[in-house]
Amino acid sequence: MKHILKTATFLLLLSFSGCYYDNEEKLYAEVSTTCDLTNVTFAASVKPILQASCFSCHSNSSANSSGAGIKLENYADVQTQAKNGKLMGSVNHSNGYQAMPKGGGKLTDCEINQLQKWIDNGTLNN
Ligand code: HEC
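Cut-off values and rules
Residues numbered from 1 in each chain as written. Predicted model: local features only at pLDDT ≥ 70, side-chain atom pairs only at ≥ 80, totals over all residues. Heavy atoms only, no water. Helix = DSSP H or I, 4+ residues; strand = E, 2+ residues; numbered from the N terminus. Buried < 20%, exposed > 50% of the residue type's maximum accessible area, 1.4 Å probe, protein only. Contact = heavy atoms within 4.5 Å. Near = heavy atom within 4 Å. Polar contact = N/O pair within 3.5 Å; in protein donor to acceptor, adjacent residues only side chain to side chain. Donors = N, O, S within 2.8 Å, 3.2 Å for Na, K, Ca; no water. Tetrahedral: all angles 85-135°; square planar, octahedral: opposite > 155°, others 65-115°. Disulfide = S-S within 2.5 Å.

A closer look at the overall build of the protein chain
So, point 1. In terms of regular secondary structure, the protein chain is built from seven helices and zero strands.
So, point 2. Helices and strands appear in the protein chain in the N-to-C order α-α-α-α-α-α-α.
So, point 3. A buried classification covers 25% of the 126 residues belonging to the protein chain.
So, point 4. In the protein chain, the share of contacts with a sequence separation of at least 24, taken over all contacts with a separation of at least 6, comes to 48%.

Written out as structure tokens, the structure is:
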């Protein structure tokens with residue numbers, strides 16, 4: 001009887017750990033397929049991120065009333081904030097910068113890495 005119980009417990013544990021590993025593999029697969037750092041462009045990567053999390057306060061029309069006059073809609077304005085260090089300082093929540101998005105959750109690692117990649121590639125208007 002004891003032996004059967006032990007075997008049953010063992011099989012139960014085995015099936016749980018099986019699930020656990022399955023999920024982990026799925027998770028890694030999703031992360032690696034959704035975070036594309038090889039084709040980062042202003043139009044397809046940077047602007048959609050800013051649109052989703054920043055335009056409510058930093059679009060051309062909202063900046064003066066809600067975003068301290070800082071505009072992040074047009075390429076040239078984003079480039080200015082990228083080059084002066086404030087874009088990455090704020091999204092990384094670095095010391096000496098206002099943490100952005102203000103009042104919201106931090107951007108995902110993937111989004112932050114894509115912004116950084118665009119800067120590393122030379123803040124191109126692509
Ligand atoms: C709810 C409104 C709001 C949202 C959303 C928001 N900001 Fe801001 N942002 C502000 C305000 C207001 C300031 C002026 C400083 C302050 O009051 O914190 C600011 C300041 C900044 C600055 C200057 C930071 C500094 O240290 O000088 C940058 C860069 C910036 N925001 C980028 C962003 C980015 C990038 C996002 C999106 C990821 C974003 N903001 C989302 C309202 C917002």
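Concerning the site of the ligand
So, point 1. Lining the immediate surroundings of the ligand are 19 residues, of which C54, C57, H58, M100 and K102 lie closest.
So, point 2. One nitrogen or oxygen atom from the main chain of Q98 is found 2.9 Å from an oxygen atom belonging to the ligand.
So, point 3. With respect to the ligand, the side chain of K102 contributes an N or O atom lying 2.8 Å from an oxygen atom.
So, point 4. With four residues, the top contributor of residues to the shell around the ligand is helix α6 (residues 86–91).

Some points on the coordination of the iron atom of the ligand
Under perfect tetrahedral coordination by four donors, a metal shows angles of 109.5 degrees; under perfect octahedral coordination by six donors, it shows angles of 90 or 180 degrees.
So, point 1. Only H58 (NE2) and M100 (SD) from the protein reach the iron atom of the ligand as donors, at distances of 2.0 to 2.3 Å.
So, point 2. Relative to the metal, the six donor atoms surrounding the iron atom of the ligand lie at angles of 85 to 178°, and the coordination shape comes out octahedral. Note that H58 is positioned in helix α3 (residues 55–58) and M100 in the loop between α6 and α7 (109–120), a separation of 42 residues in sequence.
So, point 3. A relative accessible area of 11% places H58 in the buried class.

Section: the state of the cysteines
Each disulfide is one covalent bond, formed between the sulfur atoms of two cysteines.
So, point 1. Scanning the entire structure with this criterion turns up one disulfide.
So, point 2. In this model, C35 is linked to C110 through a disulfide, with the two sulfur atoms separated by 2.2 Å. Between C35 and C110 the sulfur-sulfur dihedral comes to about 100°; the bridge is accordingly right-handed. Residue C35 is found in the loop between α1 (2–34) and α2 (42–53), and its partner C110 is found in helix α7; the two are separated by 75 residues along the sequence.

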